[in-house]
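Architecture at a glance
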2 protein chains.
Amino acid sequence: MRRCRTALIQLAFPDTGDALRQRIEARLREAAAGRADLAVLPELHQGRYFCQTEDPAAFDAAEPLPGPTTRWLGELAAELQLVIVASLFERRAAGLYHNTAVVIDRDGTLAGRYRKMHIPDDPGYYEKYYFTPGDTGFRPIRCSLGSLGVLVCWDQWFPEAARLMALAGAELLVYPTAIGRDPRDAAEEQARQREAWQLVQRGHAVANALPLVAVNRTGHEPDPEGRTPGIDFWGSSFATGPQGELLIELPQDDEDLALVDIDLDRSERVRRIWPFFRDRRIDAYEGLLARWREED
Amino acid sequence: MRRCRTALIQLAFPDTGDALRQRIEARLREAAAGRADLAVLPELHQGRYFCQTEDPAAFDAAEPLPGPTTRWLGELAAELQLVIVASLFERRAAGLYHNTAVVIDRDGTLAGRYRKMHIPDDPGYYEKYYFTPGDTGFRPIRCSLGSLGVLVCWDQWFPEAARLMALAGAELLVYPTAIGRDPRDAAEEQARQREAWQLVQRGHAVANALPLVAVNRTGHEPDPEGRTPGIDFWGSSFATGPQGELLIELPQDDEDLALVDIDLDRSERVRRIWPFFRDRRIDAYEGLLARWREED
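**Regarding the overall build of chain A**
A count of helical and extended segments in chain A gives seven helices and 15 strands. By the compact-globule yardstick of 19 Å for 296 residues, chain A fits well, its C-alpha radius of gyration being 18 Å. If one aligns the C-alpha atoms of chain A with their principal axes, the spans along those axes are about 50 × 50 × 40 Å. Once local pairs closer than 6 in sequence are excluded, the contacts in chain A between residues at least 24 apart make up 70%.

Structural data, given as structure tokens:
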């Protein structure tokens, strides 16, 4: 069995700067002490989720890749012998920014980057203002652990993204995420949304017979402009096996670090009993490239 | 609200012929008495699930469409003012057979047919012997209730099928199904499979913001050749709303008829809060048409 011990590092963001970096570093050391092979951080973990408003000054936080954060995490990865999936605000050029996930290999090198392909935009998540949709396409990132199908948050709602990663040989789907409750929604709607978020990703695990890890932010973050009650990030980070079975689920409202052993060899056994990849009707899928199928 | 009251008719198959037809008719009358708009029957409900073995004599049960079964159900549909989703063994020509679902409208006419596009083949489900893969493509069937995205069983594992139906305007996904437990599997594996089956379909509901109905067979059916312990069809027919939320779930091991009110207007409200169709990266999905993505 090729075991990948994975640390899900679910964080709250009451602070920024050095205090936050020290907390992240402590969590990565905790993961290494637990003999993790892989550590996954939430989406945009270098500070507050700044997309609650459209603020030109927020671009100051973007950084080049490689840059200060990848160097810092690279040193930690090499010291701790840990592969790290990080999620950063990338400044690619003046006026050109991305929401980018990176895999830092256990030797500290940058194994690859994935620029978030699906960009959301809805009240409180004004990401289309900040992030140019990615141009990396859907390719897993090869590292010493295997092929990681790294996607980011909004991607999680798109079966196409998971499928394309699987078809390109991903062995594990990994989603850094920032999603939460609107405190004004009714409790039942909040519950349905959180469950739907988990269901659709567990569905990707089943459809592709792949294990999957999603790591979310937790805790309340206020709206800096005070127009809304802010976001209660709902935590609930989780890992599933290749039949969508929950391996672990973290709490909704607290920081946590969980270690879970993922068997990267089990996908092939599951695909032998459920040979979906044998039977895809690629002769009849062209409509997937359409915006809408008024006519064929 | 456009309400579609749907009858999920979960059947066991201890008998065949007239006895079975009388039971189906009684259930359709029960659905109509409960003011159902739509009744959904399990996959291949005209008799035993014959694909447990490869038997040339089994083709005798195939029938043309329209044919005796659609005429019989058409008369019932017109009398009961009920739309019926049926699943039949279609004889299209000598040596050319399909696993075909039909929608019979409330005036008794054949609103349309869907030939199962993804055909399974694994021990106990030798469907590739019997059924030519469908050539209808993935198009919803329009009837007096709206656009029904009718798919069949193995299709349920393929996000592409659900997506193509959604893109073509389906308002409700409908899956007649025949799936069960291998009695030799460990209880945990049986439970994982059943849960995966439900998860992946609830995932389609979420990804497409569509309600979904799956109606399965139940009960034990022996292997006619006695080589295996047969199949325990696991029932568990269910309906979900457009956030994947369970509206109803039937028992695993008993026949049952359940009525559930499905709100066909809720999808648009859900798609306004989660506008996935706005953001699909159709410029980057070409790999979905590949068998495997060794290289772009």
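Still more to cover.
**Thoughts on the pairing of strand 7 (residues 146-150) of chain B**
The two faces of a sheet get side chains in turn, since along a regular strand they alternate between them. Residues and elements named next belong to chain B. With five of five residues buried, strand 7 is to be regarded as a mostly interior element. As defined by bridge partners, strand 6 (residues 141-143) adjoins strand 7 across three bridges and the pair is classed as antiparallel. Within the sheet, the bridge partner assigned to Cys-143 lies in strand 7 and is Gly-146. Note that strand 7 and strand 8 (residues 172-177) share three bridges and pair parallel. Bridge pairing in strand 8 places Gly-149 opposite Leu-173. Note that the unit made of strand 7, helix 4 (residues 159-167) and strand 8 has a crossover that is right-handed.

**Considering the packing of helix 1 (residues 17-33) of chain A against helix 2 (residues 68-80) of chain A**
Residues and elements named next belong to chain A. Following both chains from N to C, one finds helix 1 and helix 2 inclined at 20 degrees, their axes separated by 10 Å at the closest point. The orientation of helix 1 relative to helix 2 falls into the category roughly parallel. Once helix 1 is placed against helix 2, the crossing between them reads as right-handed. From helix 1, Arg-21, Ile-24, Glu-25, Leu-28, Arg-29 and Ala-32 reach across to helix 2, where they touch Trp-72, Leu-73, Leu-76, Glu-79 and Leu-80. Here the residues of the contact of helix 1 with helix 2 sort into seven nonpolar, no polar and four charged.

**Section: the sheet that holds strand 15 (residues 256-263) of chain B**
Strand pairing within a sheet occurs via backbone hydrogen bonds; the two strands may be parallel or antiparallel. Residue and element names in this part refer to chain B. The mixed open sheet is built from six strands, whose spatial order is 5-4-3-2-1-15. Every other strand in the sheet has two partners, leaving strand 5 (110-115) and strand 15 as the edge strands with one partner each. Shown here is a sheet whose adjacent strand axes are inclined to one another by a mean of 30 degrees, direction ignored. Pairing of strand 4 (residues 96-104) with strand 5 involves five bridges; the strand directions are antiparallel.

**Details of the packing of aromatic side chains**
All names here are of chain A. A full pass over the atoms with the stated rule returns 50 aromatic pairs over all chains. Where Tyr-130 meets Phe-131, the ring centres are 6.2 Å apart and the plane angle is 50 degrees; that geometry is what we call tilted. On the basis of relative accessibility, which here comes to 2%, the residue Phe-131 falls in the buried class. The structure contains a cluster of three or more aromatic residues connected by ring pairs, namely Phe-50, Phe-59, Phe-89, Tyr-97, Tyr-129, Tyr-130 and Phe-131.

**Digging into the nonpolar core**
One recurring pattern in soluble globular proteins is that nonpolar side chains are buried together. Residues Trp-157 of chain A together with Trp-157 of chain B are the most contacted members of the largest nonpolar core, which totals 122 residues. Apart from residues no more than four positions distant in its own chain, Trp-157 of chain A is found in contact with Ile-179, Gln-193, Ala-196, Trp-197, Val-200 and His-204 of chain A together with Arg-163, Val-206, Ala-207, Trp-274 and Phe-276 of chain B.

**Observations concerning the relation of the copies chain A and chain B**
Overlaying chain A with chain B gives an RMSD of 0.0 Å, the required rotation being 180 degrees about an axis along which the chain moves by 0.0 Å. A rotation of that kind, with that shift, is consistent with a two-fold axis. Within chain A, Gly-203 of chain A has its C-alpha nearest the rotation axis, a separation of 2.4 Å. The overlap is high: 100% of the interface residues of chain A also sit at the interface in chain B, so the same surface is used on both sides.

**Digging into the interface of chain A and chain B**
Across the boundary between the two partners, chain A contributes 61 residues, which contact 62 residues of chain B. Between chain A and chain B lies a buried interface of about 5900 Å² when both sides are counted; carbon and sulfur atoms form 59% of it. A per-residue breakdown of the area chain A buries against chain B is headed by Leu-288, Arg-291 and Arg-293 of chain A, which together make up 12% of the total. Scanning the region where chain A abuts chain B turns up eight salt bridges. Here Glu-160 of chain B and Arg-280 of chain A are joined by a salt bridge, their closest N and O atoms 2.9 Å apart. Those elements that provide at least two residues to the side of chain A that touches chain B are helix 4 (159-167), helix 5 (187-208), helix 6 (266-273) and helix 7 (276-279) of chain A. Here the side of chain A that touches chain B takes 11 residues from helix 5 of chain A, the largest share from any one element. Here the residues of the side of chain A that touches chain B sort into 30 nonpolar, eight polar and 23 charged.

**Digging into the sheet that holds strand 12 (residues 231-234) of chain A**
Residue and element names in this part refer to chain A. The strand order 9-12-11 describes an open sheet built from three strands, whose pairing is antiparallel. Both edges of this open sheet fall to strand 9 (180-181) and strand 11 (218-221), since each of them pairs with a single strand only. Sheet topology note: the strand 9/strand 12 ladder contains two bridges and is antiparallel. Looking at strand 12, one finds that Arg-181 is bridged to Asp-232.

**Quick look at the environment of Ala-62 of chain B**
Residues and elements named next belong to chain B. Among the secondary structure elements, Ala-62 is positioned in the loop between strand 2 (38-40) and helix 2 (68-80). For Ala-62, a relative accessible area of 11% corresponds to the buried category. Sequence spacing of Ala-62 and Asp-182 is 120 residues, and the spatial spacing of their C-alpha atoms is 26 Å.

**As for the pattern of salt bridges**
Should their charged atoms come close, side chains of opposite charge can pair. Counted by the stated rule, this structure contains 64 salt bridges over all chains. The salt bridge involving Glu-268 of chain B is made with Arg-272 of chain B; its shortest N-O contact spans 2.9 Å. In this pair, Glu-268 of chain B and Arg-272 of chain B both sit in helix 6 (residues 266-273), four residues apart, roughly one turn of the helix. Shared partners join several salt bridges into a network, and the residues in it are Asp-15, Arg-23, Arg-27, Glu-30 and Glu-255 of chain A.

**Re the confidence of the model for chain A**
When the pLDDT values of chain A are averaged, the result is 97; 99% of them are 70 or greater. Interface scoring of the predicted complex returns ipTM 0.97; its pTM is 0.97.

**What about the pairing of strand 4 of chain B?**
Residues and elements named next belong to chain B. Across the nine residues of strand 4, eight count as buried, placing the element largely inside the fold. Examined bridge by bridge, strand 3 (residues 83-93) and strand 4 share nine bridges and lie antiparallel to one another. Each bridged residue has a counterpart across the sheet, and for Ser-87 the counterpart in strand 4 is Ala-101. Counted between consecutive antiparallel strands, the loop separating strand 4 from strand 5 contains five residues, among which Gly-108 sits at a positive phi close to 90 degrees.

**Remarks on the side chain of Thr-240 of chain A**
Summarising the element assignment, Thr-240 of chain A is placed in strand 13 (residues 238-240). In contact with Thr-240 of chain A, not counting residues within four places along its chain, are Arg-202, Ala-205, Leu-210, Pro-211, Leu-212, Glu-245, Leu-246 and Leu-247 of chain A.

The rules behind the values
- Residues numbered from 1 in each chain as written.
- Chains lettered and ligands numbered in written order.
- Predicted model: local features only at pLDDT ≥ 70, side-chain atom pairs only at ≥ 80, totals over all residues.
- Heavy atoms only, no water.
- Helix = DSSP H or I, 4+ residues; strand = E, 2+ residues; numbered from the N terminus.
- Rg over C-alpha atoms; globule rule 2.2 N^0.38 Å.
- Contact = heavy atoms within 4.5 Å.
- Buried < 20%, exposed > 50% of the residue type's maximum accessible area, 1.4 Å probe, protein only.
- Pairing = 2+ DSSP bridges.
- Right-handed = clockwise from strand over helix to strand, strands pointing away.
- Axes fitted to C-alpha atoms, helices over the stretch in contact; angles between N-to-C directions.
- Parallel < 35°, antiparallel > 145°, perpendicular 65-115°, else oblique.
- Left-handed = near helix turned anticlockwise from the far one by under 90°.
- Nonpolar A, V, L, I, M, F, W, Y, C, P; charged D, E, K, R; others polar.
- Phe/Tyr/Trp six-rings, centres within 6.5 Å; stacked < 30°, edge-to-face > 60°.
- Core = buried A, V, L, I, M, F, W, Y, C linked by side-chain atoms within 4.5 Å.
- Least-squares fit on C-alpha atoms with pLDDT ≥ 70 in both.
- Buried area = accessible area lost by both parts, 1.4 Å probe.
- Salt bridge = Lys/Arg side-chain N within 4 Å of Asp/Glu carboxyl O.
- pLDDT = per-residue confidence, 0-100.

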